[in-house]
Every structure is written in structure tokens, then in C-alpha cells.
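Observations on chain architecture
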Amino acid sequence: IVALASEDRRSFGPFAVESRSESMTELMRGAVARADPARAAWPLAGRAMTSGEPVVIDRIRPGELEGVVNPAMDECLGRFGMSAMAFVAMRGARGNTGVIGIGRGPGRPAYTSGEIEAVQRIADAVADDTPGGAPGGRLPLLLGEGAMLPGGRAERRFATLVERLP
């Protein structure tokens with residue numbers, strides 16, 4: 001999930017959602033659409049956003065994430081499960097402009113420090129502001145016109161970037 005921050009940094013949106021599983025992608029898109037966008041409703045993403053530091057959780061057991069990521073995501077996380085999650089701030093020249101959230105399915109290993117550093121480099125690269133000062137300005141430029149629309153090119157290109165990570 002890529003979540004841009006509002007101008008006042010108190011809420012998230014728009015969101016771009018992608019998964020290797022089409023059914024998970026559709027369920028996640030529905031959950032995100034129903035989710036409260038307030039930063040406080042996304043405690044892990046909010047912590048990454050405010051601190052500028054990655055929030056990484058591994059060795060996740062079934063049910064441990066209930067109500068922790070965002071209550072609207074509980075069904076999706078319960079159905080598909082996660083073994084590791086990371087939330088990485090998009091740190092731009094004018095502050096943090098959003099968050100990239102990634103997860104690994106059950107039985108997969110924890111994220112290595114090198115993987116988190118790679119995601120952080122991607123997040124920082126797309127977070128820099130445009131000359132006009134719009135938060136997350138390079139993300140739409142990098143990913144193409146209409147980048148943050150569900151099912152759009154942003155989601156496909158972001159998935160491609162993530163698949164290239166070690």
C-alpha cells in the first residue's frame with residue numbers, strides 16, 4: 001500500500017494498493033476504501049509517518065494484527081495472514097509526505113535490514129516535493145498520469161519496483 005499524507009499530515013489518502021494475489025488486492029482495496037483515513041486510525045503507519053523511521057514487525061502470529069493496522073483491514077489480514085509487515089515513511093525535502101506499507105504472507109521470513117533500506121530508498125526517491133510544493137510530488141510523475149487511481153499504472157509500477165527488491 002502506498003498512502004500519501006494530507007497537506008496537514010493528519011490523514012492518509014489517496015491510496016494505491018497492489019498485491020501479487022488478485023483476490024487480496026481486491027479485498028485490500030475495499031478495506032482501504034472503508035477505512036478511516038485519519039492518521040490516528042493507522043497507528044503503525046502513523047508512527048512511521050511522524051517519526052520518519054521504519055516500523056517493522058515480524059514473527060506475526062494469527063490474530064496479532066487485529067485492530068493494530070487499521071480496523072477496516074482486520075478481515076483482509078485475518079483471511080490472508082501476515083508473517084512480517086513494514087511501514088516506511090516517504091521522507092521528502094519538506095517533510096514526510098506519505099507511507100509505504102509492505103507485508104509478507106504466512107511462513108515467509110522477516111525483512112532484512114537491506115530490504116528495509118531498499119524500500120526506504122524507493123520511498124525517499126518518490127517523496128520529494130515538486131517545484132510547486134505538492135506533497136508526494138514525484139510519485140505521480142514517476143508512476144504516470146492518474147497514478148493513484150485503484151488499478152492504475154501506479155499500482156502496477158509500484159508492484160514491479162517491490163518485486164525487484166532482494
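Residues numbered from 1 in each chain as written. Predicted model: local features only at pLDDT ≥ 70, side-chain atom pairs only at ≥ 80, totals over all residues. Heavy atoms only, no water.

**What about the confidence of the model for the protein?**
Rules: Scored between 0 and 100, pLDDT is the confidence that the predictor attaches to each residue. In DSSP terms, a helix is any run of H or I states spanning at least four residues, a strand is any run of E spanning at least two, and both are numbered starting from the N terminus.
Here the protein shows a mean pLDDT of 79. Residues at 70 or above account for 77%. Taking the mean pLDDT of every element in the protein, the minimum, 43, falls on helix H5 (residues 138-143) and the maximum, 94, on helix H2 (residues 43-51).

**Looking at the sheet that holds strand S2 (residues 12-16)**
What counts is decided by this rule: Here, strands pair whenever DSSP counts at least two bridges between them. Fitted lines through C-alpha atoms serve as axes, helices being fitted only where they are in contact, and the angles separating the N-to-C directions of these axes extend from 0 to 180 degrees.
Reading across from one edge, S2-S1-S5-S4-S3 is the order of the 5 strands in this open sheet, with antiparallel pairing throughout. The strands lining the two open edges of the sheet, one partner per strand, are S2 and strand S3 (55-58). Pairs of neighbouring strands in the sheet enclose a mean axial angle of 20 degrees, with direction left out of account. Pairing analysis gives 9 bridges linking strand S4 (residues 84-92) to strand S5 (residues 95-104), with the strands arranged antiparallel. For Ala 86, the partnering residue across the bridge sits in S5 and is Ile 102.

**A short note on helix H4 (residues 113-127)**
Using the following cut-off: Expected span of a helix, by definition, is 1.5 Å for each gap between consecutive residues, and there is one gap fewer than residues. Note on exposure labels: buried denotes an accessible area under 20% of the residue type's maximum, exposed denotes more than 50%, and partly exposed covers the range between, all computed with a 1.4 Å probe on protein chains only.
Over its 15 residues, H4 runs 21 Å from end to end, which matches the ideal 21 Å to within 8%, given 1.5 Å per residue. All of the buried residues along H4 are Glu 115, Ile 116, Ala 118, Val 119, Gln 120, Ile 122, Ala 123, Val 126 and Ala 127.

**Re the pattern of salt bridges**
What counts is decided by this rule: What makes a salt bridge here is a side-chain nitrogen of Lys or Arg within 4 Å of a carboxyl oxygen of Asp or Glu, nothing more.
One pass over the structure, following the stated rule, counts 6 salt bridges. The shortest N-O distance in the salt bridge between Asp 58 and Arg 59 comes to 3.5 Å. Classification of Asp 58 by relative accessible area gives partly exposed; the value is 28%. In this structure Arg 59 comes out as exposed when scored by relative accessible area, which is 68%. One salt bridge connects Arg 61 with Glu 64, and the closest N-O pair in it is separated by 3.0 Å.

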